[in-house]
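# Chains, contacts and geometry: an overview
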Amino acid sequence: MASTARRYERFAGVEAHGSSDVYEQWSRGISTDAAVLELIDGLPENKRQPNLVLAAARSCGADAGPYSQFRSFLQEHWEDIRPVILHRSTQTNEPRRCAVLLPLLAEIARTEERPLALIEVGASAGLCLYPDRYGYRYDDGGLLNDPGRPDLVLECATTGNPPLPRSCPEIIHRAGVDLSPLNPADPEDLAWLDALIWPGMEDRRALLQAAAGAAAMSPARIIKGDLNAEIAELIEAAPAEAAVVVFHTAVLAYLPAADREIFRDTMLSNLDIPGRPVHWISNEGGSVIPGLAAPAGDADPGLFVLHHNGTAVARTGPHGQSLHWL
Ligand SMILES: C[S@@+](CC[C@H](N)C(=O)[O-])C[C@H]1O[C@@H](n2cnc3c(N)ncnc32)[C@H](O)[C@@H]1O
């Protein structure tokens with residue numbers, strides 16, 4: 001129970017703080033509430049994450065009120081909430097993360113002088129596989145890649161002068177893998193993705209609906225499976241004329257450390273296939289991938305680190321809201 005309490009305390013102070021007052025309050029409340037901690041500790045270890053438990057409660061009707069009201073709801077409705085937790089998993093799909101990937105994608109297409117084949121591991125509903133369908137506004141600058149509608153424009157604050165492109169690279173292939181791919185056209189999957197968005201982040205909610213609508217028109221192929229088992233075949237299936245970019249954001253933390261190492265080694269070895277450039281972009285929490293150093297210096301511990309082929313190039317806001325080039 002002590003470790004669950006610490007996990008909720010950390011989520012309140014490091015992740016929710018500054019982003020969702022409601023989640024900060026609920027998570028902090030849980031961290032010192034023995035009765036609620038006991039309910040959560042009755043779940044399998046990999047089902048106790050704050051994101052999952054809080055989203056399941058909200059999908060069962062918990063209102064964004066004070067903690068006292070939330071804890072009563074949790075206790076009264078636990079028999080409905082528990083099956084949702086067991087059936088679902090944390091699959092938050094945040095299209096705005098494309099804003100922190102785009103400069104690297106454009107740079108890869110430019111240096112390789114080829115169009116791109118995107119392969120996303122841990123793709124959820126695949127909403128990060130369409131960077132060319134979004135518009136971008138970095139800082140207060142101009143609009144890049146006008147999507148023709150304001151609800152598909154991704155805003156991202158920058159520091160450190162990232163190499164912002166003038167246009168989107170050409171993408172000729174998109175594919176993904178996920179343990180449990182979600183269908184952007186399925187109302188139940190969409191409702192779950194919506195429940196995963198933290199209270200108070202209404203802009204993310206509107207973006208989710210717009211991006212899912214755009215993806216549903218021609219969804220990318222996302223196979224069901226484990227990323228380590230499927231990655232070689234996905235790379236093999238990419239068109240030979242493209243530069244392959246394997247990427248993931250907010251995924252590897254869900255894998256056991258040994259599986260993260262296997263994936264890291266696969267990616268570092270695949271980079272050398274002659275005649276077929278394969279690039280690896282990782283956008284994950286700072287210490288998630290063993291052996292990949294986070295950049296030196298103090299930084300907000302809630303920021304992710306963006307690595308290109310194993311080298312750190314930026315820190316990023318975890319929902320794609322900021323890009324801090326190194
Ligand atoms: C938090 S979501 C992130 C989704 C997406 N990458 C994004 O940034 O919006 C993590 C996703 O990774 C998937 N996942 C976790 N472990 C996986 C594994 N071993 N193989 C494939 N997918 C996995 C989950 O099912 C989930 O959809």
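None of these values were measured; they are calculated from a predicted model. (Residues numbered from 1 in each chain as written. Predicted model: local features only at pLDDT ≥ 70, side-chain atom pairs only at ≥ 80, totals over all residues. Heavy atoms only, no water.)

### Some thoughts on the overall build of the protein
- A tally of helices and strands in the protein yields ten helices and ten strands.
- Along the first, second and third principal axes, the C-alpha atoms of the protein reach 60 × 40 × 40 Å.
- Looking at the 326 residues of the protein, the share that counts as buried comes to 55%.
- Sequence-distant contacts, at least 24 apart, represent 71% of the contacts inside the protein between residues at least 6 apart.
- For the protein, the computed accessible surface area is about 13900 Å², with 50% contributed by carbon and sulfur atoms. (Helix = DSSP H or I, 4+ residues; strand = E, 2+ residues; numbered from the N terminus. Buried < 20%, exposed > 50% of the residue type's maximum accessible area, 1.4 Å probe, protein only. Contact = heavy atoms within 4.5 Å. Areas by Shrake-Rupley, 256 points an atom, 1.4 Å probe, with all protein chains shown as cover.)

### Focus: the domain arrangement of the protein
- Domain boundaries assigned for the protein yield domain 1 (2-87) and domain 2 (95-325).
- A separation of 28 Å is found between the C-alpha centroids of domain 1 and domain 2.
- Across the boundary between the two partners, domain 1 contributes 18 residues, which contact eleven residues of domain 2.
- In total, domain 1 and domain 2 occlude about 1100 Å² of area from one another, counting both sides; carbon and sulfur atoms represent 66% of this.
- Along the contact surface separating domain 1 from domain 2 lie zero salt bridges.
- On the surface where domain 1 and domain 2 come into contact, there are four residue pairs in polar contact (both at pLDDT 80 or more). (Domains from an automatic or database assignment. Buried area = accessible area lost by both parts, 1.4 Å probe. Salt bridge = Lys/Arg side-chain N within 4 Å of Asp/Glu carboxyl O. Polar contact = N/O pair within 3.5 Å; in protein donor to acceptor, adjacent residues only side chain to side chain.)

### Section: the site of the ligand
- What surrounds the ligand is a group of 20 residues, the closest being Asn93, Arg97, Asp178, Asp226 and Thr249.
- Between the ligand and Glu120 there is a distance of 3.0 Å, counted from a nitrogen atom to a side-chain nitrogen or oxygen.
- Within the backbone of Gly122, an N or O atom sits 2.9 Å from a nitrogen atom of the ligand.
- Within the complex, 96% of the 600 Å² of free accessible area of the ligand lies under protein. (Near = heavy atom within 4 Å.)

### Re the pattern of salt bridges
- A full pass over the atoms with the stated rule returns 15 salt bridges.
- Notably, a salt bridge pairs Arg71 with Asp33, separated by 2.5 Å at the nearest N-O pair. A residue pair is termed long-range when its members are at least 10 positions apart, and Arg71 in helix α5 (residues 67-87) and Asp33 in the loop between α2 (21-31) and α3 (34-41) qualify at 38 residues.
- Its salt-bridge partner being Asp132, residue Arg174 comes within 2.8 Å of it at the nearest N-O pair. Of this pair, Arg174 sits in strand β4 (residues 171-178) while Asp132 is found in the loop between β1 (116-121) and β2 (135-138), placing the two residues 42 residues apart along the sequence.
- Each of Glu9, Glu24 and Arg28 takes part in salt bridges that share partners, so that together they form one network.

### Here we look at the packing of helix α1 (residues 2-16) against α3
- One way to put it is that α1 packs onto α3 with a least axis distance of 10 Å and a crossing angle of 105 degrees. Judged by the angle between their axes, α1 and α3 are roughly perpendicular. Residues Thr4, Ala5 and Tyr8 of α1 pack against Leu37, Ile40 and Asp41 of α3.
- Of the residues in the contact of α1 with α3, the class split is four nonpolar, one polar and one charged. (Axes fitted to C-alpha atoms, helices over the stretch in contact; angles between N-to-C directions. Parallel < 35°, antiparallel > 145°, perpendicular 65-115°, else oblique. Nonpolar A, V, L, I, M, F, W, Y, C, P; charged D, E, K, R; others polar.)

### Section: the sheet that holds strand β5 (residues 221-224)
- One open sheet holds the ten strands; their spatial order is β2-β3-β10-β9-β8-β7-β6-β1-β4-β5, and the pairing between them is mixed. Strand pairing shows two members of the sheet lacking a second neighbour, β2 and β5, which therefore form its edges. Between one strand and the next, the sheet's axes are offset by a mean angle of 25 degrees, whatever the strand orientation.
- Against the sheet, helix α6 (residues 98-112) engages β1, β2, β3 (153-159), β6 (243-249), β7 (278-285), β8 (304-308), β9 (311-316) and β10 (322-325), with an angle of about 165 degrees to β7. (Pairing = 2+ DSSP bridges.)

### Thoughts on the layout of surface pockets
- Approximately 190 Å³ is the volume found for the second largest pocket.
- Secondary-structure elements contributing two or more residues to the lining of the second largest pocket are β3 and α8 (202-217).
- Its residues assigned to classes, the lining of the second largest pocket shows four nonpolar, no polar and six charged. (1 Å grid on protein atoms, 1.4 Å probe; cavity = no way out; pocket = protein on both sides within 12 Å on 5 of 7 lines; lining within 4 Å. Points joined across faces, edges and corners; volume = space filled by probe spheres on them.)

### Things to note about the side chain of Thr158
- Within the secondary structure, Thr158 is located in strand β3.
- With relative accessibility at 18%, the residue Thr158 sits in the buried group.
- Among the polar contacts made by the side chain of Thr158, one reaches the side chain of Asp139 at a distance of 2.7 Å.
- Excluding anything up to four places from it in sequence, Thr158 contacts Tyr138, Asp139 and Leu323.

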